[in-house]
Structures are given as structure tokens and as C-alpha cells.
Amino acid sequence: MQPTSNPASKSPVISGNLGVESARGSIHLFAGAFSSTLINGLGLIVIARLLGAKGYGIYTLSTLPSSVMILLIDLGVNIALTAYCARLKVRGDHESISTAFRTALTFNLALSIVAFLTALIFSRQLSEHLLARPELTPYVKICLATIILQTAFSTLTALLLGMGKTQAIASLQLAQALTKNILAVALILSGLEVLGAVIGYVAGYGFTVALALTLKPVRALLKPRGNDPHIFSLSKLKQMVAYGIPVYGANILNNASQQYQRVILANYASDAEVGGFSAVVNFSALVGVFTAPIATSLLPSFSKSRDTEEAGRLFRSSLKYLALIVLPITMLIMLNSKDLIELIYGPGFSFSSTYLSLYSLTFLLYGLGAPIIPSLFNGLGYTRRTLEIALTGLTVIIPSALLLASAMKVPGLITAIILSQLASLTYGLWTARKHLQITFQPRSLFKIYLAALLSAVLVFLIPTPYPNHVARIVLTSSAYLVAYAILAPVTGALKLKDLDDLAEVFNSTPLIKPLMNLVLNMERAIIVLVGRQSPD
């Protein structure tokens, strides 16, 4: 299968190290995702306390119609814009980047305005039939403005990602979280209650879009350039839509899978079991804070690859560093599952700690490339493969969830989710090997899994008599990280070349560079001590 409409595929030799560039971008995106997630999490707690259960429920439901509309109109143009800009930037073709950006922005805004007006006209019907609460119509109308604002924000960040401006993206994420939550809390305290929270939600996106439009790269590309003065190019739009539609289809299928899981739970699990499962799924957001920035930053990096051989090298190195990060996080969640559940949700949710231990097995698949395989195919232009991966997962989960949940309830559903994700991963790896000749290094990954597992076994055998949840979590996590830091170089999971690469990446991050140098020097000393000085 040929890649989907990839106009910039014949790029010149790429200077620099794509792996290092991608890793630095991941750090910037992680900083933005972590800080904004933390602020949003704290903000939601404060807003929920100020509004109470009923008011917070109204606020949450009011944002649902706009979120559904945004999902339906996202035709994948933004992911095409990112890949397009990344490749054209290598060629230095800023005129084509400018035209592509203006075309994507014009199309997305036009589509969002149509969706906004349609939803506005039928806002009462949406409130009545989708939410079963027609009295929420005034709040729903205000939230509908985010259809336009969030669409604009997504297009602007897609451009910045393709241009390699990951620091700007992180700053915008932080600005959006701060503006939304500070304004919402202030307006609630002024007496506006739910209306204040809704206004803050909308204003957060409005302020961030206005801020993004002031950025120099954005302002420069909004102006027609040289021999390409057109604001809109139909041919480029056709190209981007053809590129993005399979990704749009994959997103729809993945969303359909999630909704199907909820339907299955509603039929075979009690209310308490549904609540326990929902609490467990929230931990995937924690892991996503670490994996999403890596997957996101890899999209433009894969797009810049000269050929599949270079993309394969980038894939293998990224896969190794992803495994080094996500596997210890997974083991820490499994080791601390009971304490984490009871600390965050209370003793009433203690039964769901077994759900968390089982659900954490899905995170082990991340070490084999589950989050980054779509970035590989999308970056190289094989977006139809991304759709096929999503279809594979959906095909597996439909019968397995029905059969297993009916027999084992929540554990059965989680098992079906694991089988579905394993099927998607297997198909993705098989497709990459067969059609792109891109493979991973099983021996290298085995050593990382071995180090992570052995560290968990050692810590599991250590008694933790402390009655306090926080004390047990801190003690267990500290012991595990020490064990992992020793066993990773001892097993050969971490080598001198890896340390050199990591040192180069963190050279551009002055805030954490001293700490990372200390850790890397300790790892280097262990490697020398055990006689594993081989650089590769």
C-alpha cells in the first residue's frame, strides 16, 4: 500500500539527530501536559467543592454537546497539517507551509462555524434528548462557543508541532489551564456559580487562541507569501483530507469502542462496580501524561524521515526509551494499587484495587509500542494502517467484551480490553514489519521488562508495616526506583550509549540538567562496576 497523499516525501538529507530532537520535544510537551493536568485537576477539585455535587454535575453535562460536535467535525486535517509542515520545513518551503496552514485553518473554522450554528439552533433539543435536561439550554449555548475556539486552538497547535515549536505548545497549555481555572473560581466566588464556571471554561480557550495568534511564527504564516498568495488552496485541502480521513475514522472507532464498553458495563455490572471501573480507568490518564508527549513529538519526526530505514532506527530507539519510562511506572501502580485506590478514592473503593492491578497489564503493552505505532504510520503517510489497527481492536472487543463481561463482570471486561489492545498491537507490529520492513529489538526490550519485573519482585518481598497509605507508597516507590536504577544497567537494559543520548537530550533543560547528570553519572558508575562498558 502506498502512503496516503504525501506531497513532501522527497525531502533532502536531514541534519541533526531526529531522536534527540524528538526527545527534547517530548520533554517540553511533558512539562506542558503535566503542569496543565495538575492545574486542571486542582481546579476541578476546587470548582466541585464550590459548586457542590449538583452544580458540578450541571457544569460537566453542559460541556458534553460541544465536545461531541468537536469530535464529529475533526476530519484529521490537523494531523495532516503537522506532517505536511514538518516535511516542508526540512525543504525550507515556507510558502507551501503558509498556504497549507491558511487552508487548514480556513477549512476547520468554516466547518466549526457551521457546527456551532447548527448546534445553537438545536440547542434545546440537544439539552432535552442528549442530556435529558432542557433547563440546561442556557449553559449549553455558552459552551457551544468552544466548538470554534477549540477547533482554532487545535489547528494552531498542529502548526506549532509541525514547526517544532514544542515549548510554545507547552506554554499555551499552561496558559489555558491557568486562565480557565482562575477565572472560573473567581466568577463562582463572585456569585455566578455554574454560569461562572461555564464562562471560565469558554474564556480559557478564547484567551489561549488570542495568545497563540500573537506568536511570531503564526503571524508570519498567516500572511500570503511570494508566489503563493492564495488564502485557500483546494488542491492542498483535498490532499490533507485524504491524508486525515483514515485517522478521523480511527478516532471514531476508538470512541465507539469506549462507548460500547460503557453499555456492556451498564448491562452486566452493578453501580458500585461501574464506579470502581471508572476510578481505575482514570489511572490511564496518569500514564498518558508520560506516553502522549512521546507519541505526539514523534509524529513530525517520523514525517521528516528520509526513508523507512531512518524511520525504523527512530522507532527502535523511541521504543526503548518509552519502555524504560513506562514499565517502572506500570510496576509502581501495580505494587501500590490498594494504597493508591484507598488514598485517592477512599476505603469504599478498596475492592477496585484488583481491577487496577489487572487493568495495569494494558500499560505493559505500551513498552512494545502501542502508543507510538499510530505516529509511525501517520508520520510516514500510511494513515489507512492506523484505521486498520483501530478496526482490529474493535473487531476483537465486540464479541469478547460481551462474552467475558457476562461471565466475570468487570474483570471480564478488562480482560477483553487487554485482548483488544493486544490484537491491535500485534497487527500494527506485523504490518510495520511486512510493509515497511520496520521491526523492534526483542532482546533489548526483554532486558528492560526483566529489570522492571525483577525490581518489582524484590520490592514485593520487602514488608511494609507502616499503617499510613502515603508512607507505604513513598517507601515502596523509593525502594522500587533504587532497585530499578541498579538492575537496569546490570541486566544490560541501559547502556553507555543510552546515557550519552540522554545527556545530550537534557543539555537543553537547565532546570533538571543537574539532577539528571547526577543520575546518569550513577548509572554510568554501575555499568563500569559490573563490566558492561560496551557502548552499544
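Things to note about the packing of helix 11 (residues 234–268) against helix 20 (residues 410–436)
Inference 1: Between helix 11 and helix 20, whose axes approach to 10 Å, the crossing angle comes to 160 degrees. In terms of orientation, helix 11 and helix 20 fall into the roughly antiparallel class. For the element pair helix 11 and helix 20, the recorded crossing hand is right-handed. Residues Q261, I264 and L265 of helix 11 form the contact with helix 20, whose participating residues are V410, L413 and I417.
Inference 2: Class assignment for the residues of the contact of helix 11 with helix 20 results in five nonpolar, one polar and no charged.

A short note on the packing of aromatic side chains
To describe a pair of aromatic rings, you give the distance between the ring centres and the angle between the ring planes.
Inference 1: Counted by the stated rule, this structure contains ten aromatic pairs.
Inference 2: On the numbers, 6.4 Å between centres and 85 degrees between planes, the contact of Y59 with Y201 is edge-to-face. With a gap of 142 residues between them, Y59 in helix 1 (residues 18–62) and Y201 in helix 9 (residues 194–213) connect regions that are remote in the sequence. Here Y59 matches Y201 in class, with each residue buried.
Inference 3: When the ring of F351 is compared with that of Y355, the centres are 5.8 Å apart and the planes differ by 90 degrees; the resulting orientation is edge-to-face.
Inference 4: On the basis of relative accessibility, which here comes to 33%, the residue F351 falls in the partly exposed class.
Inference 5: Chaining the aromatic ring pairs together yields one cluster made of Y56, Y59, F153, Y201 and Y205.

Things to note about a nonpolar patch on the surface
Inference 1: A cluster of nonpolar side chains, contributed by V482, I486, V490, L529 and V530, occupies part of the molecular surface with about 430 Å² of accessible area.
Inference 2: Of all the elements, helix 22 (residues 469–490) adds the most residues to the nonpolar patch, at three residues.

Observations regarding helix 7 (residues 145–162)
Inference 1: The terminal C-alpha atoms of helix 7 lie 26 Å apart, and with 18 residues this matches the ideal 26 Å at 1.5 Å per residue to within 8%.
Inference 2: Counting buried positions along helix 7 yields 14 of 18 residues, so the element is predominantly enclosed.
Inference 3: Just beyond helix 7, the residue with positive phi is G164, at close to 80 degrees.

Analysis parameters
- Residues numbered from 1 in each chain as written.
- Predicted model: local features only at pLDDT ≥ 70, side-chain atom pairs only at ≥ 80, totals over all residues.
- Heavy atoms only, no water.
- Axes fitted to C-alpha atoms, helices over the stretch in contact; angles between N-to-C directions.
- Helix = DSSP H or I, 4+ residues; strand = E, 2+ residues; numbered from the N terminus.
- Parallel < 35°, antiparallel > 145°, perpendicular 65-115°, else oblique.
- Left-handed = near helix turned anticlockwise from the far one by under 90°.
- Contact = heavy atoms within 4.5 Å.
- Nonpolar A, V, L, I, M, F, W, Y, C, P; charged D, E, K, R; others polar.
- Phe/Tyr/Trp six-rings, centres within 6.5 Å; stacked < 30°, edge-to-face > 60°.
- Buried < 20%, exposed > 50% of the residue type's maximum accessible area, 1.4 Å probe, protein only.
- Patch = residues over 30% accessible without salt bridge, like charges linked within 9 Å, V, L, I, M, F, W, Y side chains within 5 Å.
- Areas by Shrake-Rupley, 256 points an atom, 1.4 Å probe, with all protein chains shown as cover.
- Salt bridge = Lys/Arg side-chain N within 4 Å of Asp/Glu carboxyl O.
- Expected span 1.5 Å × (residues − 1).

On their own, these measurements won't tell you what the molecule is for.
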